[in-house]
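The primary structure of each chain is shown beneath.
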2 protein chains.
Amino acid sequence: MTRTAPPIELAQALPVLVVVEAGLAAPRSVVEVVRAALAGGARAIQLRNKGDSARELRTAGESLIPLVRQAGGLFFVNDRLDVALALEADGLHVGPDDLPVAAVREAAPEGFLIGRSADVPLVALQAVADGADYIGCGTVFSTETKQDAGAVIGVEGLRRVVEAVSVPVVGIGGITVARAREVAEAGAAGAAVVSAVMSASDPAAAVRTMLQSFAPA
Amino acid sequence: MTRTAPPIELAQALPVLVVVEAGLAAPRSVVEVVRAALAGGARAIQLRNKGDSARELRTAGESLIPLVRQAGGLFFVNDRLDVALALEADGLHVGPDDLPVAAVREAAPEGFLIGRSADVPLVALQAVADGADYIGCGTVFSTETKQDAGAVIGVEGLRRVVEAVSVPVVGIGGITVARAREVAEAGAAGAAVVSAVMSASDPAAAVRTMLQSFAPA
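Attention in this report is confined to the structure presented alongside it. (Residues numbered from 1 in each chain as written. Chains lettered and ligands numbered in written order. Predicted model: local features only at pLDDT ≥ 70, side-chain atom pairs only at ≥ 80, totals over all residues. Heavy atoms only, no water.)

Residues and elements named next belong to chain A. Within the secondary structure, Gln46 is located in strand 2 (residues 44-47). Relative accessible area serves as the criterion here: at 4%, Gln46 is assigned to the buried category. If we ignore the near neighbours within four places in the chain, the residues touching Gln46 are Leu17, Val18, Val19, Val20, Phe76, Val77, Asn78, His93 and Tyr134. (Helix = DSSP H or I, 4+ residues; strand = E, 2+ residues; numbered from the N terminus. Buried < 20%, exposed > 50% of the residue type's maximum accessible area, 1.4 Å probe, protein only. Contact = heavy atoms within 4.5 Å.)

Encoded structure:
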């Protein structure tokens, strides 16, 4: 897993966090879509593939990590710390049904990055106190990608979380290329996107356009 | 997680390996059924609860581990190494869809026990070469507990695996109290049971009777 570029700082990686769902990439392979997203400038990739077994996740991760490393990006796994550790991923994203941040922090090696979902300041603050490095905040806009995504909080809800915590916050949930600017204006460090990139006819262009919303003015 | 009895040797723990499925224990709690199984003499408990989230598994494990520790038994988790590590379980059981034994061995602390499912000698031998401490071998008899359990190998298939490897082998799949003796006669170190204990009206008695099949003559 050689890095040909130095690893990027977390905050610099987050403007477009691409969440990988193989089903949404079809008929293209996830490798093809992730390669395009990286070419477009994405530097944070999170392997989710809900429903995959540990072995399937590991296989998918093995095919993606070299691409992410080569681009100098960060590779995250959703939920499964064991798969993340086996893959030597840069970090893990956990939600309310997953292991608590404190338990992940205790089991993970030093420097391992942890993201935590939170839709209200109290949950975000607790996650940060427990050791989270960033917050995934949403559902910002209504979405059909994640059935169990919970209540829509809007950009105002996102802003409340951004203002509450000291770590980077990425918005998630229904964020399209067209609406990325609203997320940036709420103070988020970035947008976590699933279908906006996975299902895009031109994933590189989708990432490139979204990045412009987060570019310093 | 204080142990009030010294931990048991793996081979001594395996005669009845109770696989925990909360759904089969209902309406009783798994705590109630596991407590009874331990009272009956079970010394190996594996938390499976298929479909549970990591957080649910961890919560279930936290309620069971003190009981297992107090009895001097061994506590295993199915599939999720991360949950096993967070719980400081004694070991993990993995199947063909889970992380490879070698990856688990690399990520696990020293002395951590690893079981691997195998229905033919070649798979069992590879698992042992990769670091497995015991083999779960089946499906011995046809079962309705596990839909994806694969082909029925019978006691003859079990015997072939027992004779191929140097580590303890427990039979799994459709093993009832009445058929435990056949499993013992095939040379297995024990029987892994799900419904035979989880759904038993008297789990302690079920374990006690099965243990007699594995008692030295």
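Under the counting rule described, the total for this entry stands at 16 salt bridges over all chains. A salt bridge links Asp79 of chain A to Arg80 of chain B, with the shortest nitrogen-to-oxygen separation between them at 3.1 Å. Separated into two different chains, Asp79 of chain A in the loop between strand 3 (74-78) and helix 5 (81-87) and Arg80 of chain B in the loop between strand 3 (74-78) and helix 5 (81-87) make up a pair that spans both. With a relative accessible area of 13%, Asp79 of chain A lands in the buried category. Taking the shortest distance from any N to any O, the salt bridge between Glu182 of chain A and Arg179 of chain A comes out at 3.0 Å. Residue class for Glu182 of chain A comes out partly exposed when judged on its relative accessible area of 30%. Arg179 of chain A sits in the partly exposed class, given a relative accessible area of 33%. (Salt bridge = Lys/Arg side-chain N within 4 Å of Asp/Glu carboxyl O.)

Core analysis: the biggest nonpolar cluster contains 126 residues, and Phe75 and Ile135 of chain A together with Phe75 and Ile135 of chain B have the highest contact counts within it. Residue contacts for Ile135 of chain A: discarding those within four places in its chain leaves Arg116, Ala118, Ala124, Ala127, Val128, Val161, Val165, Val167, Pro168, Val169 and Val170 of chain A. (Core = buried A, V, L, I, M, F, W, Y, C linked by side-chain atoms within 4.5 Å.)

Given two aromatic rings, one states the distance between the centres and the angle between the planes to describe the pair. Residue and element names in this part refer to chain A. The tally for this structure, following the rule as stated, stands at two aromatic pairs over all chains. Centroid distance Phe76 to Tyr134: 5.6 Å. Interplanar angle 80 degrees. Geometry classified as edge-to-face. Linking Phe76 in strand 3 with Tyr134 in strand 6 (residues 134-137), this pair joins segments that are 58 residues apart in sequence. Both residues of the pair, Phe76 and Tyr134, belong to the buried class. Here the guanidinium or amino end of Arg179 rests over the ring plane of Phe141, the centre of that ring lying 3.8 Å away. (Phe/Tyr/Trp six-rings, centres within 6.5 Å; stacked < 30°, edge-to-face > 60°. Lys NZ or Arg CZ within 6 Å of the ring centre and 35° of its normal.)

Here we take up the interface of chain A and chain B. Counting residues at the interface gives 17 residues for chain A and 18 residues for chain B. It is Arg55, Asp82 and Leu99 of chain A that lose the most area in chain A upon contact with chain B, and together they represent 35% of the buried surface on that side. One can count two salt bridges joining chain A with chain B. The tally of links from chain A across to chain B stands at 14 residue pairs in polar contact (both at pLDDT 80 or more). Of all the elements in the fold, those that place two or more residues in the side of chain A that touches chain B are helix 4 (54-70) and helix 5 of chain A. No other element matches the four residues that helix 5 of chain A contributes to the side of chain A that touches chain B. Considering only residue class, the side of chain A that touches chain B consists of eight nonpolar, one polar and eight charged. (Buried area = accessible area lost by both parts, 1.4 Å probe. Polar contact = N/O pair within 3.5 Å; in protein donor to acceptor, adjacent residues only side chain to side chain. Nonpolar A, V, L, I, M, F, W, Y, C, P; charged D, E, K, R; others polar.)

Bringing the pairing of strand 5 (residues 113-118) of chain B into the picture now. Residue and element names in this part refer to chain B. Here strand 5 lies mainly inside the structure; five of its six residues are buried. Direction of pairing for strand 4 (residues 91-94) relative to strand 5: parallel, over a ladder of four bridges. Opposite Leu92, over in strand 5, you have Ile114 as the bridge partner. Note that the unit made of strand 4, helix 6 (residues 101-107) and strand 5 has a crossover that is right-handed. Note: strand 5 against strand 6 (residues 134-138), four bridges, orientation parallel. (Pairing = 2+ DSSP bridges. Right-handed = clockwise from strand over helix to strand, strands pointing away.)

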